[in-house]
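# Descriptive structure summary
Chain by chain, the residues:
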Amino acid sequence: MPTGGIVLLALALPVAGAFVDELLGSALGWAFAIAAVLAAVLVAMNCTRDGAWLVLSAPPLVVAAITVVTEQLANPSASHGKLATSAVHWAVDAFPAMAAAEITVIAVLAGRVVRSRRNRRSSGA
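Right, let's walk through the structure included here. (Residues numbered from 1 in each chain as written. Predicted model: local features only at pLDDT ≥ 70, side-chain atom pairs only at ≥ 80, totals over all residues. Heavy atoms only, no water.)

## What about helix α2 (residues 30-46)?
Across its 17 residues, α2 extends 24 Å between first and last C-alpha, which sits within 8% of the 24 Å expected from 1.5 Å per residue. For α2, the full list of buried residues reads F32, A33, A35, A36, A39, A40, V43 and A44. In an axial view of α2, the angular spread of the buried residues amounts to 165 degrees, which keeps them on one side of the axis. Facing away from the buried side of α2 by more than 90 degrees, the exposed set consists of W30 and M45. (Helix = DSSP H or I, 4+ residues; strand = E, 2+ residues; numbered from the N terminus. Expected span 1.5 Å × (residues − 1). Buried < 20%, exposed > 50% of the residue type's maximum accessible area, 1.4 Å probe, protein only. Arc of directions from axis to C-beta.)

## Looking at a positive patch on the surface
Where like charges cluster on the molecular surface, the positive patch consists of R49, R117, R118, R120 and R121. Its location among the elements puts R121 in helix α4 (residues 83-123). R121 sits in the exposed class, given a relative accessible area of 69%. (Patch = residues over 30% accessible without salt bridge, like charges linked within 9 Å, V, L, I, M, F, W, Y side chains within 5 Å. Areas by Shrake-Rupley, 256 points an atom, 1.4 Å probe, with all protein chains shown as cover. Salt bridge = Lys/Arg side-chain N within 4 Å of Asp/Glu carboxyl O. Lys, Arg positive; Asp, Glu negative; His and termini not counted. Charge placed at Lys NZ, Arg CZ, Asp CG, Glu CD.)

## Details of a nonpolar patch on the surface
Where nonpolar side chains cluster on the molecular surface, the patch consists of W30, I34 and L38 and spans about 390 Å² of accessible area. Its place among the elements puts I34 in helix α2. By relative accessible area, which is 49% here, I34 ends up partly exposed.

Structure representation (structure tokens):
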């Protein structure tokens, strides 16, 4: 599993991206998605082999949680009384960042597996 500092940085990156998007006055968008992808790369490159399963499942949960908190802080009255509608809106806002981060984690972990197998073959093991 990644160290505590890497995990905190990986959580701070998407939060910062969400903050930038909210400062720009838009819904969660490019800054949030790019920050989520950078966080996914950081964690996937630094996780242990055993921690890869946790890292693989984390992006949707982290992105969804940050999206809900950001939307609630930015527009607390917008979801009052219509939670189902707000939840659908949050899911739509979060999906691009969620998908990009998940694909990135899969690509980085697959690359690590290929590289480790290639290194084992070249060392004669």
